[in-house]
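Coordinate analysis (summary)
For reference, the chains in residue letters:
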Amino acid sequence: MRRAAAATIQQAAAIQQATASGRVQQHQRHHRTLLSASAASLVPMRFKSTTPANGTAHSHTHSHTDTQSAVRSECWRCGSHIPGPSAFFCKNTSCAVILPPSLPSPNYFALMLPSAFPPSSTPSAPSTSSAPSAGEHGDMRAPIDHKALPRILASGYDLDTADLRASFLRLQQQLHPDNFGTKSSEERLNSEQQSTLVNKAYQVLRDPLTRAQYMLQLAGVHIDETTSVANREFLMDVMEIQESVEEAGQADLAALKRANDDSIKEAERRISDAFKQGNLQAAKDATVELKYWRNIHSMIVEKMT
């Protein structure tokens, strides 16, 4: 009898422990889900777009989560139609409130230079199956804008950097968070996000290397830190130049820098020609080579100083 009672007690204790363990695991799963959702909401620049499960439209007043996940089609305050993904403010003059970033975002060319590179109305969502590295500028994953892509590939690499900077300064003057210090929390949040987006787009497009990488990503060609070139002769030349830099005195560094600067210009010219010809493989190869020349440039400058 005692053994039976003890077995019953042990069985009950085991069931209680299993139930408690199940609740803990369920709570942990729920907690991880919340953490994942929170993390996703804190990185809007990854251009992650989600559709509400119930398929219903968002109301005009929105929360922080709405700003991150909604594909906007109307003004969050007055409900007016938003004419395109690159709009920063409501076009209704009686409202003119700052808008949240469009998700998925327009490509950086359309964002910064919309007259030269008009966006399509509905860019496709970015692919997350192969995430490219964006180096110092953060995540550059981009929506694939098939309608805008031909113009970008034909002339995007040779964009007017003076126009780009003028657009950047104008937009930052309009969107800077200091302008919205007394506004609502929604407006302050939108200002921070739009200003961050514009700054990131400018940093990517102003640099010929990151501009080329971004254009390749728009076309579905990804380059990361492990991407190399198949040209063994080129790699041997690079290794010899690196050794020359390491062994060079100050008198020789200036000559090495001039020669390397010429190599950089030649790589940039080849990238431009390849994009114009629609030869993405050649553009990729020249972009990877440009990365090598830029690394050598950094070596030389560091040693010169």
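No experiment lies behind these values; they were computed from the predicted model shown.

**Some thoughts on the overall build of the chain**
- Secondary structure summary: the chain contains ten helices and zero strands in total.
- Counting from the amino terminus, helix and strand elements in the chain follow one another as α-α-α-α-α-α-α-α-α-α.
- Residues counted as buried form 37% of the 305 residues belonging to the chain.
- Contacts in the chain between residues far apart in sequence, at least 24 positions, make up 68% of those at least 6 positions apart.
- Within the structure as shown, the chain displays about 17200 Å² of accessible surface, and the carbon and sulfur contribution to it stands at 52%.

**Some details on the environment of S105**
- On the secondary structure map, S105 appears in the loop between helix 2 (64-69) and helix 3 (108-112).
- Taking the C-alpha atoms as reference points, S105 and P85, 20 residues apart in sequence, are found 6.8 Å from one another.

**Describing the packing of aromatic side chains**
- For the structure on display, the rule yields seven aromatic pairs.
- On the numbers, 6.2 Å between centres and 40° between planes, the contact of Y157 with F275 is tilted. With Y157 in the loop between helix 4 (149-155) and helix 5 (161-175) and F275 in helix 9 (residues 250-277), this residue pair connects regions lying 118 residues apart in the sequence.
- Residue class for Y157 comes out buried when judged on its relative accessible area of 6%.
- Every member of this aromatic cluster is reached through a ring pair, and the members are Y108, F109, F117 and Y214.
- The ring of Y157 carries R211 above its face, with NZ or CZ at 5.3 Å from the centroid.

**Topic: the packing of helix 5 against helix 6 (residues 185-206)**
- Relative to each other, helix 5 and helix 6 sit at 170°, their axes nearing to 10 Å. With respect to their mutual orientation, helix 5 and helix 6 come out roughly antiparallel. The handedness of the crossing between helix 5 and helix 6 is left-handed. On helix 6, the residues touching L164, R165, F168, L171, Q172 and L175 of helix 5 are S191, Q194, S195, V198, N199, Y202, L205 and R206.
- Within the contact of helix 5 with helix 6, the residues separate by chemical class into seven nonpolar, five polar and two charged.

**A few points about the pattern of salt bridges**
- Applying the stated criterion across every chain yields a total of seven salt bridges.
- Across the salt bridge formed by R77 and E187, the nearest N and O atoms sit 3.2 Å from each other. One end of the pair, R77, is in the loop between helix 2 and helix 3; the other, E187, is in helix 6, and 110 residues separate them in sequence.
- Here R77 falls in the partly exposed class, since its relative accessible area comes to 42%.
- The partner of D158 in a salt bridge is K276, and the shortest N-O contact between them spans 3.1 Å. Placement of the pair is D158 in the loop between helix 4 and helix 5 and K276 in helix 9, with a sequence separation of 118 residues.
- Three or more residues joined by partner-sharing salt bridges are found here, namely E266, R269 and D273.

**Description of the nonpolar core**
- Judged by nonpolar contacts, the single largest core of 51 residues is most densely connected at F109, M112, V198, L205 and F275.
- Of the residues forming this core, the biggest block, seven residues, is contributed by helix 10 (residues 280-304).
- When residues no more than four places from it in sequence are discounted, the contact partners of F275 are L153, Y157, A212, M215, L216, L280 and A283.
- In terms of nonpolar packing, the next biggest core, distinct from the first, is built from eight residues, C75, A87, C90 and C95 among them.

**Overview of the confidence of the model for the chain**
- Looking at the chain as a whole, its pLDDT mean stands at 77, while 68% of the residues score no less than 70.
- Low pLDDT, under 50, characterises residues 1-9; the stretch is placed with zero contacts to residues that sit more than four places away or in other chains.
- Scored below 50 in pLDDT, residues 15-70 shows 54 contacts in the model against residues more than four places distant or in partner chains.

Parameters at a glance
Residues numbered from 1 in each chain as written. Predicted model: local features only at pLDDT ≥ 70, side-chain atom pairs only at ≥ 80, totals over all residues. Heavy atoms only, no water. Helix = DSSP H or I, 4+ residues; strand = E, 2+ residues; numbered from the N terminus. Buried < 20%, exposed > 50% of the residue type's maximum accessible area, 1.4 Å probe, protein only. Contact = heavy atoms within 4.5 Å. Areas by Shrake-Rupley, 256 points an atom, 1.4 Å probe, with all protein chains shown as cover. Phe/Tyr/Trp six-rings, centres within 6.5 Å; stacked < 30°, edge-to-face > 60°. Lys NZ or Arg CZ within 6 Å of the ring centre and 35° of its normal. Axes fitted to C-alpha atoms, helices over the stretch in contact; angles between N-to-C directions. Parallel < 35°, antiparallel > 145°, perpendicular 65-115°, else oblique. Left-handed = near helix turned anticlockwise from the far one by under 90°. Nonpolar A, V, L, I, M, F, W, Y, C, P; charged D, E, K, R; others polar. Salt bridge = Lys/Arg side-chain N within 4 Å of Asp/Glu carboxyl O. Core = buried A, V, L, I, M, F, W, Y, C linked by side-chain atoms within 4.5 Å. pLDDT = per-residue confidence, 0-100.

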